[in-house]
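The chain contents come next:
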Amino acid sequence: MMESALTARDRVGVQDFVLLENHTSEVAFIENLRKRFKENLIYTYIGSVLVSVNPYKDLEIYTKQHMERYRGVNFYEVSPHIYAVSDNAYRSMRTERRDQCILISGESGAGKTEASKKVLQYYAVTCPASDHVQTVKDRLLQSNPVLEAFGNAKTLRNDNSSRFGKYMDIQFDFKGAPVGGHILNYLLEKSRVVHQSHGERNFHIFYQLIEGGEEDLLRRLGLERNTQQYQYLVKGNCPKVSSINDRSDWKVVRKALSVIGFSDDEVEELLNIIASVLHLGNVQYGGEDSGNAYITTDTQIKYLARLLDVDGSVLKEALTHKKITAKGEELMSPLNQEQASSARDALSKAIYGRTFTWLVNKINDSLALKDDSFNSKNASVIGLLDIYGFEVFQNNSFEQFCINYCNEKLQQLFIELTLKSEQEEYEAEGITWEPVQYFNNKIICDLVEEKFKGIISILDEECLRPGDASDITFLEKLEDTVGGHAHFLTHKLADGKTRKVMGRDEFRLLHYAGEVNYNVNGFLDKNNDLLFRNLKEVMCMSENKILTQCFEREELTDKKRPETTATQFKNSLAKLMEILMSKEPSYVRCIKPNDAKQAGRFDEVLIRHQVKYLGLMENLRVRRAGFAYRRRYEVFLQRYKSLCPDTWPNWDGRLVDGVSTLVKHLGYKPEEYKLGRSKIFIRFPKTLFATEDALEVQKHSLATMLQASWKGYSQKSKYRKLKHSAILIQAWWRGILARRRAQRRRQAVETIRRFIKGFMYRHQPRCPENEYFLDYVRYSFLMKLHRNLPKTVLDKSWPTPSPALSEASEHLRKLCMQNMVWKYCKTISPEWKHQLEQKMVASEIFKDKKDNYPQSVPKLFVGTRLNGEDINPKVLQALGSEKMKYAVPVTKYDRKGYKARARQLLLTGSSVIIVEDTKLKQSIDYSALKGISVSSLSDGMFVLHVTCEDNKQKGDVVLQSDHVIETLTKVAICAEKINNININQGSIKFTVGQGKEGIIDFTSGSELLISKAKNGHLSVTAPRLNSR
Ligand SMILES: Nc1ncnc2c1ncn2[C@@H]1O[C@H](COP(=O)(O)OP(=O)(O)OP(=O)(O)O)[C@@H](O)[C@H]1O
Ligand SMILES: [Mg+2]
């Protein structure tokens, strides 16, 4: 999705110039650049070379998401980007274990430094990291602001122009994590320290310190917060630049210094040096009559002595004198004002230049691999070259000469490497290759660097030879030696037309990138880079820790002449070329769209010039001469296989056969392509375009097809997954059920077995064989009992126990009964208790003895059958204090005639009393009551037997009660005669008085009949009851 969006967006012009139809046309080339630039597409490829146009505005293309998009993705599959180049180099390093370098070139302000920072950021973000690595990443990133502060300056071309060359190695461990780094610096433009052209500034650090430095820091350094106060900062008349915020940059730099590992002391000493350069600039001279210079600003010397940690007077002398050796004797020769000024400036440049080198070394220490187990030999490296671009000013001096020479060298390297690699590739793939004509700038490199004959050699010679050598003699020497060279010209050698635009003190070089006139003034001095010996001595005496490393004392005793600046530069460039040659290069060619640093302005003239001198057209020609497009078989097949039914969806055979089948199907003509050993080469972009277009069309139908089959596939796999899950769940559940069933069956079998065994052993004492059975029997009996317990005391039912439990059962039954009784007893009232006690007594007396007893059982006994109002008050009066316990109406039968008379029977605490209306007819003391007789039949007759000795008594009393059971029970209780009640069968004898006896005969009949029989007995017929 993302990718297609990118490609779609990038369909402005072509994203690779190789695909330009009209590849020889510069117009078409620039038109493509313009089209893309207008759409903010600042990157375009020429094969693997990245062309970048400075947009002069922030584009939203450097976010983390962008980085992710380019990470690990094939170079050609995403739109051109500096990240693609970075990633490609990184992956080549990782997979091929070959050191890489990214060469960034272009003129001042074209965006080289920015590009190199983007590369570094890309690695910092996307590469794997550990804790240690994080600090390395931070330091790598933070080295930039520090180096830029000390090495960059505002120039007319670029507000942040790098005034030194920089090559940085990033070292990676075998896991691909950055673990260290190393920086090489080239030729700092020291002259800027003492002089700036109009509209330019000194190095950023001076302004940052003055604008941003804390008050007490400035006080310590003896500085004022006003850049206008310093001679070295006013030359260009440009203290403020709108795009630069010195104050906030100061904070950034100060922080970066600590991240890199500078201690506070080191920072202080570094700033002492920076401040001392400013003070040096303010050292002013006056001239005496004799012309000898003297210092007019003594305060500066004071500050300088302190800041540089040197002896003030020695410094003062050294700034105004020169030590010369004449006839073996050392003499101090005074300087004139001009000489003194240049000696002072030389010192400033030397101090600043050496301090800058020290700074780079210090950063290198901090970036150096710390892990001993890991030496730089087995680290893989990506080098990053950000070096000053080709420069042409109104007035070009020694610095421009060096810088442009450097660019010649890089161009040389570029030509060699691109051509070489192209050639190697064809060779390796077995493709015949026809060499392409291109301008080889070796001739210019030779003009500059050749031994003895080269410009640098001639310059050195002039510097070293005794006598009055001067810049002009140098120019003449050049005319003599290289005057005939096709790429060299001077005023003298030029034709009339050219002479008009050349000064007499200039020489012209026809660089690959264009013509440049160099003014020879200052060449000798700058090449000599002379610092008077006595000044050097002073500096070597310094106690400042940084300066002691910058000015080593051995230098004073070393008699060997130091190498000239140009030679040093030449040698370091040769070394750099060696380094770069040993690595696999990637190129970033930066183009500046206009001179006004403006966004959106595409200055065609300026750009055409850069396209030309960067050799981009040649680059393209070389690339196109052979085959516009090449791709490894697997990549080609992977991308286009959908265009041929034989290769879609997969090709099983050899890759080359697959590609061959594919291109034949696509209708490639034999001259359009060649098959190498591992790559296909396509000659014309048209062919590739047609294929790409076909792919675009195919993509839509493929997408629909893919969607459909994907949907089908995903639905199917979803369904399959569901089904599978269902089956799985079913199987599990069935398993669980089956296991449960089996378990239960096993248990059942076990139970049955135990049961049977138990049954067989049931009569034995408890033993393992029968304990289950016995327990079960016990349990089931108890359960049965639990369910069938008798509910009332009268309920006599009880489950039949097995023989083994009969004893326990009996106990339980008793317990149960007791419990019921107890429970019952607890609930009964005292009245009821009383009732029951009486009933008990009745039962004891009559149960199974008298026929009408059963009828009496359900009828409750009453307290009394006659109340106070039923009894005559006189009777009650006669009873006196005697309490009446029971009263009942009775019938009395005379002893003689058996006449029935109604009477009342009263029971008191001590006697039975027979009452006739108002009279107490007879009172029988309980002690005189011998016994009571009743029949066993259902009648109510009873006889009270009275003691005969008692004369008052007239004999036994025959009575009849309708409530005979109740009445007799009461009498028995009151008189305590329970055992004295006789129940007779047939007849009762009783005493009639004076020894006479009466008899009552009982028979049963249909109804109650009481009468005197003929034999003089009282005959009683008691009704027969059903129950009997
Ligand atoms: N990719 C970019 N996106 C936005 N702005 C950019 C980009 N590249 C460069 N610039 C702008 O252009 C200015 C100059 O770029 P840079 O300092 O990288 O140039 P240079 O090629 O290093 O020049 P010199 O040779 O002078 O050091 C930057 O300060 C920045 O404002
Ligand atoms: Mg730069």
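Below: a short report on this structure. Here the structure is a predicted model, which means the values were calculated and not measured.

Some thoughts on the overall build of the protein
Okay, step 1: Broken down by element type, the protein carries 36 helices and 31 strands.
Okay, step 2: Against the globule reference of 31 Å for 1028 residues, the protein gives a C-alpha radius of gyration of 68 Å, more extended than a compact globule.
Okay, step 3: The principal-axis extents of the C-alpha atoms in the protein amount to approximately 205 × 85 × 55 Å.
Okay, step 4: Across the 1028 residues in the protein, those meeting the buried criterion constitute 49%.
Okay, step 5: Taking all contacts inside the protein whose residues are at least 6 apart in sequence as the whole, residues at least 24 apart take part in 63%.
Okay, step 6: Computing the positive centroid from 151 side-chain charges and the negative centroid from 128, the protein places the two 15 Å apart.

Structural notes on a nonpolar patch on the surface
Okay, step 1: A cluster of nonpolar side chains, namely Leu728, Ile729 and Trp732, defines an oily patch on the protein surface of about 360 Å² accessible area.
Okay, step 2: Counting through the fold element by element, Ile729 comes out in helix α30 (residues 685–760).

A look at the pattern of salt bridges
Okay, step 1: Within the structure shown, the criterion is met by 52 salt bridges.
Okay, step 2: The salt bridge involving Glu26 is made with Arg608; its shortest N-O contact spans 3.5 Å. Placement of Glu26 in helix α2 (residues 26–38) and of Arg608 in helix α26 (residues 604–613) is noted, with a sequence separation of 582 residues between them.
Okay, step 3: The partly exposed category is assigned to Glu26, whose relative accessible area is 25%.
Okay, step 4: Accessibility expressed as a relative area gives 32% for Arg608, which makes it partly exposed.

A word on the packing of aromatic side chains
The geometry of an aromatic ring pair is captured by the separation of the ring centres together with the interplanar angle, meaning the angle of the planes.
Okay, step 1: This structure, assessed with the given rule, holds 34 aromatic pairs.
Okay, step 2: A ring pair is formed by Phe164 and Phe356, whose centres lie 5.0 Å apart and whose planes are at 70°; its orientation type is edge-to-face. Taken together, the residues Phe164 in the loop between β5 (161–162) and β6 (165–172) and Phe356 in helix α15 (residues 337–367) connect sequence positions 192 residues apart. Comparing Phe164 with Phe356 shows no difference in burial state: the two are buried.
Okay, step 3: Positioned above the aromatic ring of Tyr62, the side-chain terminus of Lys118 is 4.4 Å from the ring centre.

Description of the coordination of the magnesium ion (ligand 2)
Okay, step 1: The protein atoms that coordinate the magnesium ion (ligand 2) are Thr113 (OG1) and Ser162 (OG), at distances of 1.9 to 2.0 Å. One end of the pair, Thr113, is in helix α5 (residues 112–126); the other, Ser162, is in strand β5, with 49 residues separating them in the sequence.
Okay, step 2: The exposure class assigned to Thr113 is buried, which follows from its relative accessible area of 11%.

Concerning the site of ligand 1
Okay, step 1: Around ligand 1, a shell composed of 17 residues is seen, among which Ser108, Lys112, Thr113, Ser161 and Ser162 lie nearest.
Okay, step 2: Within the side chain of Tyr62, an N or O atom sits 3.0 Å from a nitrogen atom of ligand 1.
Okay, step 3: Ser161 places a side-chain nitrogen or oxygen 2.5 Å from an oxygen atom of ligand 1.
Okay, step 4: For ligand 1, the protein covers 87% of the area, taking 630 Å² as the surface of the free molecule.
Okay, step 5: Tallying contributions element by element places α5 first for the shell around ligand 1, with 3 residues.
Okay, step 6: Along the lines of polarity and charge, the residues of the shell around ligand 1 split into 4 nonpolar, 9 polar and 4 charged.

Considerations on the sheet that holds strand β14 (residues 506–511)
Okay, step 1: Taking strand neighbours across the sheet as the criterion, the 3 strands line up as β13-β14-β15 in an open arrangement whose pairing is antiparallel. Single-partner strands in this sheet number two, and they are β13 (488–490) and β15 (514–519). Geometrically, the sheet is characterised by an average inter-axis angle of 25° between neighbouring strands, direction not taken into account.
Okay, step 2: In this structure, β13 lies alongside β14, joined through 3 bridges in antiparallel fashion. In the strand pairing of β14, Phe488 is matched with Leu509.
Okay, step 3: The strands that helix α19 (residues 471–482) touches are β13 and β14; relative to β13, the one it contacts most, it runs at about 135°.

Observations concerning the nonpolar core
Where a protein is soluble and globular, its nonpolar side chains tend to be buried together.
Okay, step 1: Counting 195 residues, the largest nonpolar core has Phe29, Tyr123 and Phe507 as its most contacted members.
Okay, step 2: Examining the composition of this core, we find that 13 residues originate from one element, α15, more than from any other.
Okay, step 3: Those residues in contact with Tyr123, other than ones at most four positions away along the chain, are Ser86, Ala89, Tyr90, Ile102, Lys137, Ile170, Phe172 and Ile382.
Okay, step 4: Formed by 32 residues, the second largest nonpolar core is a distinct cluster that contains Leu905, Leu907, Ile932 and Val964.

As for the sheet that holds strand β25 (residues 941–946)
Okay, step 1: Spatial ordering of the open sheet is given by β23-β22-β21-β20-β26-β25-β24-β27, a layout of 8 strands whose pairing is mixed. Edge strands, defined here as strands with exactly one partner in the open sheet, are β23 (919–925) and β27 (981–984). Strand-to-strand twist across the sheet, computed as the mean angle between neighbouring axes with direction ignored, equals 35°.
Okay, step 2: Seen against the sheet, helix α36 (residues 964–975) touches β20 (884–893), β21 (900–908), β22 (911–916), β24 (929–935), β25 and β27 and runs at an angle of roughly 160° to β24.

A word on the side chain of Thr126
Okay, step 1: Tracing the backbone shows Thr126 in helix α5.
Okay, step 2: Residue classification places Thr126 among the buried residues on the basis of a relative accessible area of 7%.
Okay, step 3: Of the polar contacts made by the side chain of Thr126, one reaches the backbone oxygen of Tyr122; its length is 2.7 Å.
Okay, step 4: Setting aside residues up to four positions removed in sequence, Thr126 forms contacts with Met67 and Arg71.

With respect to the pairing of strand β2 (residues 49–53)
Okay, step 1: The buried fraction of β2 amounts to 5 of the 5 residues, a majority that puts the element mostly inside the structure.
Okay, step 2: Neither face of β2 is open: one carries Val49, Val51 and Val53, the other Leu50 and Ser52, and all of them are buried.
Okay, step 3: Relative to β2, strand β1 (residues 43–46) runs antiparallel, the two sharing 4 bridges. Its bridge partner being in β2, Tyr45 is matched across the sheet by Leu50.
Okay, step 4: Between β1 and β2, which follow one another and run antiparallel, lie 2 residues, and Gly47 among them has a positive phi close to 60°.
Okay, step 5: Relative to strand β16 (residues 584–591), β2 runs parallel, the two sharing 4 bridges. Counted as the bridge partner of Val51 is Arg589 from β16.

What counts, and at which threshold
- Starting afresh in each chain, residues are numbered from 1 along the sequence in its written order.
- Going through the entries in the order they are written, you letter the chains from A and number the ligands from 1.
- Totals for whole chains, interfaces and linings use all residues, but because this is a predicted model, local features are given only for residues with pLDDT of at least 70 and pairs of side-chain atoms are given and counted only at 80 or more.
- Excluded from the side-chain calculation are hydrogens and water; included are all heavy atoms of the structure.
- A helix here means a DSSP run of H or I that spans at least four residues, while a strand means a run of E at least two residues long, and both kinds are numbered starting from the N terminus.
- The size measure is the radius of gyration over C-alpha atoms, and the globule rule it meets is 2.2 Å times the number of residues to the 0.38 power.
- Between buried and exposed lies partly exposed: a residue is buried under 20% and exposed over 50% of the maximum accessible area for its type, with that area taken using a 1.4 Å probe on protein chains only.
- Only heavy atoms matter for contacts: two residues are in contact if any of them lie within 4.5 Å across the pair.
- When charges are counted, Lys and Arg are positive and Asp and Glu negative, with His and the chain ends excluded.
- Where a charge lies is defined by one atom per residue type, namely NZ (Lys), CZ (Arg), CG (Asp) and CD (Glu).
- A residue counts toward a patch only above 30% relative accessible area and without a salt bridge, and it is joined to like-charged neighbours within 9 Å or, for Val, Leu, Ile, Met, Phe, Trp and Tyr, to nonpolar neighbours within 5 Å.
- Shrake-Rupley sampling with a 1.4 Å probe provides the accessible areas, and residues are treated as covered by the protein chains on show and by no other component.
- Basic side-chain nitrogens of Lys or Arg form a salt bridge, by our definition, when they fall within 4 Å of a carboxyl oxygen of Asp or Glu.
- Pairing of aromatic rings covers Phe, Tyr and Trp, the last counted by its six-membered ring, and requires centre-to-centre distances within 6.5 Å; plane angles under 30 degrees mean stacked, over 60 mean edge-to-face, and any other angle means tilted.
- Our definition puts a charge over a ring when NZ of Lys or CZ of Arg is within 6 Å of the ring centre and also within 35 degrees of the ring normal.
- Note: metal donors comprise N, O and S atoms at 2.8 Å or less from the metal (3.2 Å for Na, K and Ca); water molecules are not included, so apparent gaps in a site are possible.
- Summary of the distance rule: residues count as near a molecule or strand when at least one heavy atom falls within 4 Å of that molecule or strand.
- Here a polar contact is recorded for every N or O atom pair within 3.5 Å, except that within protein the pair must consist of a potential hydrogen donor and a potential acceptor, and residues adjacent in sequence are included only if both atoms are side-chain atoms.
- Throughout, the ten residues Ala, Val, Leu, Ile, Met, Phe, Trp, Tyr, Cys and Pro are labelled nonpolar, Asp, Glu, Lys and Arg are labelled charged, and all others, Gly among them, are labelled polar.
- Only strands that DSSP links by at least two bridges are regarded as paired with each other.
- Each axis is a line fitted through C-alpha atoms, and for a helix only the stretch in contact is used; angles between axes span 0 to 180 degrees, taken between their N-to-C directions.
- Nonpolar cores are built from buried Ala, Val, Leu, Ile, Met, Phe, Trp, Tyr and Cys residues. Side-chain atoms within 4.5 Å join them into one set.

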